[in-house]
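Fold and contact review
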Amino acid sequence: TSSMTKVEKAAWQSYMAMKYGITLDNAPYLSPTADTLWHHERDAEYYHRIVAVGVDSLHEWSASASVSYENASLLLLCPDSLHEGEYILLGDNNMDEIWSSAPNGYDYLMRSWRLRSYLQGSGRCSLVWTPSVSVASPDSVWLEVCDSLDNPVGCIGVDSIVGDSSWFFTLSSLLPLQSIAIRTTHSV
């Protein structure tokens, strides 16, 4: 690694962090072409438990599933094949995984996520939520998705539930940047 440039070292470090589900300490995630995928200052609020799927032939890395080894409750899956240089990254706001009542009548999980995608065309991904918090009404869990300006763009219902312990959702139309919150009509 001593013959690598600074950018090559940063891209290698990013690749290793994405591959093994470990969040970097105050460093940007860079692609091999030096594109900033996730930044410790710009994405500071969501710089926790970062996971990624993508394709990087330079490092011979292709991942279609990613989970953080840092006690994350959200697994990122990509059911479609990604092309060279395409990535989807997800990080959370480091809040506790507890329910909080909102004025609109829903209860929201305090932990929320930011999802950033680098795709050549449209794409989709799946999220699997395995909470550490109780869910009073398993059929009333939804993902609330907002754009980069926090404007609501939709609510996504659950695709399936496995044993009242894992909720599967599909985001069928990814924006370059979006935020994700989990809501329910009844919390414990």
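Residues numbered from 1 in each chain as written. Predicted model: local features only at pLDDT ≥ 70, side-chain atom pairs only at ≥ 80, totals over all residues. Heavy atoms only, no water.

Comments concerning the overall build of the protein
- Check the secondary structure of the protein and you find one helix and 16 strands.
- For the protein, whose C-alpha radius of gyration is 17 Å, the value lies close to the compact-globule estimate of 16 Å for 188 residues.
- With respect to the principal axes defined by its C-alpha atoms, the protein has extents near 55 × 30 × 30 Å.
- Looking at the protein as a whole, 47% of its 188 residues qualify as buried.
- Roughly 9400 Å² of accessible area belongs to the protein as shown, and the carbon and sulfur atoms make up 50% of that amount.
- Each charge class in the protein can be summarised by its mean position, and for the 10 positive and 22 negative side chains these summaries are 5 Å apart. (Helix = DSSP H or I, 4+ residues; strand = E, 2+ residues; numbered from the N terminus. Rg over C-alpha atoms; globule rule 2.2 N^0.38 Å. Buried < 20%, exposed > 50% of the residue type's maximum accessible area, 1.4 Å probe, protein only. Areas by Shrake-Rupley, 256 points an atom, 1.4 Å probe, with all protein chains shown as cover. Lys, Arg positive; Asp, Glu negative; His and termini not counted. Charge placed at Lys NZ, Arg CZ, Asp CG, Glu CD.)

A short note on the layout of surface pockets
- One number sums up the size of the largest pocket: a volume of about 180 Å³.
- If you trace the largest pocket, you find it lined by Glu45, Tyr46, Tyr108, Leu109, Ser112, Glu144, Cys146, Asp150, Ser179, Ile180 and Ala181.
- Elements that contribute at least two residues to the lining of the largest pocket include exactly strand S9 (107-109), strand S12 (141-146) and strand S16 (177-184).
- Of the residues forming the lining of the largest pocket, the biggest block, three residues, is contributed by S16.
- For the lining of the largest pocket, the class distribution of residues is six nonpolar, two polar and three charged.
- A volume near 150 Å³ is recorded for the second largest pocket.
- Together, Val145, Val153, Gly154, Cys155, Ile156, Thr170, Leu171, Ser172, Ser173, Leu175 and Gln178 line the second largest pocket.
- For the lining of the second largest pocket, the secondary structure elements donating two or more residues are strand S13 (152-157) and strand S15 (166-171). (1 Å grid on protein atoms, 1.4 Å probe; cavity = no way out; pocket = protein on both sides within 12 Å on 5 of 7 lines; lining within 4 Å. Points joined across faces, edges and corners; volume = space filled by probe spheres on them. Nonpolar A, V, L, I, M, F, W, Y, C, P; charged D, E, K, R; others polar.)

A closer look at unusual backbone geometry
- Backbone geometry at Asn71 places phi at a positive 65 degrees, although glycine is not the residue there.
- When you line up the elements, Asn71 lands in the loop between strand S5 (65-66) and strand S6 (74-77).
- Here Asn71 falls in the exposed class, since its relative accessible area comes to 67%.
- With a phi close to 65 degrees, Asp150 is a non-glycine residue in the positive phi region.
- Along the chain, the position of Asp150 falls in the loop between S12 and S13.

A word on the pattern of salt bridges
- Under the defined criterion, the tally for this structure stands at six salt bridges.
- Its salt-bridge partner being Arg116, residue Asp43 comes within 2.8 Å of it at the nearest N-O pair. Of this pair, Asp43 sits in the loop between strand S2 (36-38) and strand S3 (48-56) while Arg116 is found in strand S10 (residues 113-118), placing the two residues 73 residues apart along the sequence. In this structure, Asp43 and Arg116 share a single accessibility class: buried.
- Between Arg183 and Glu144 there is a salt bridge, with the nearest N and O atoms lying 3.0 Å from each other. With a gap of 39 residues between them, Arg183 in strand S16 and Glu144 in strand S12 connect regions that are remote in the sequence. For the pair Arg183 and Glu144, one class covers both residues: buried.
- Salt bridges sharing common partners tie together Arg42, Asp43, Arg114 and Arg116. (Salt bridge = Lys/Arg side-chain N within 4 Å of Asp/Glu carboxyl O.)

Focus: the pairing of S10
- S10 sits mainly inside the fold: five of its six residues count as buried.
- Both S10 and S16 contribute to a ladder of four bridges, which runs antiparallel. Paired with Leu115 across the strands is Gln178, a residue of S16. (Pairing = 2+ DSSP bridges.)

No statement about biological role is implied by the geometric values presented.
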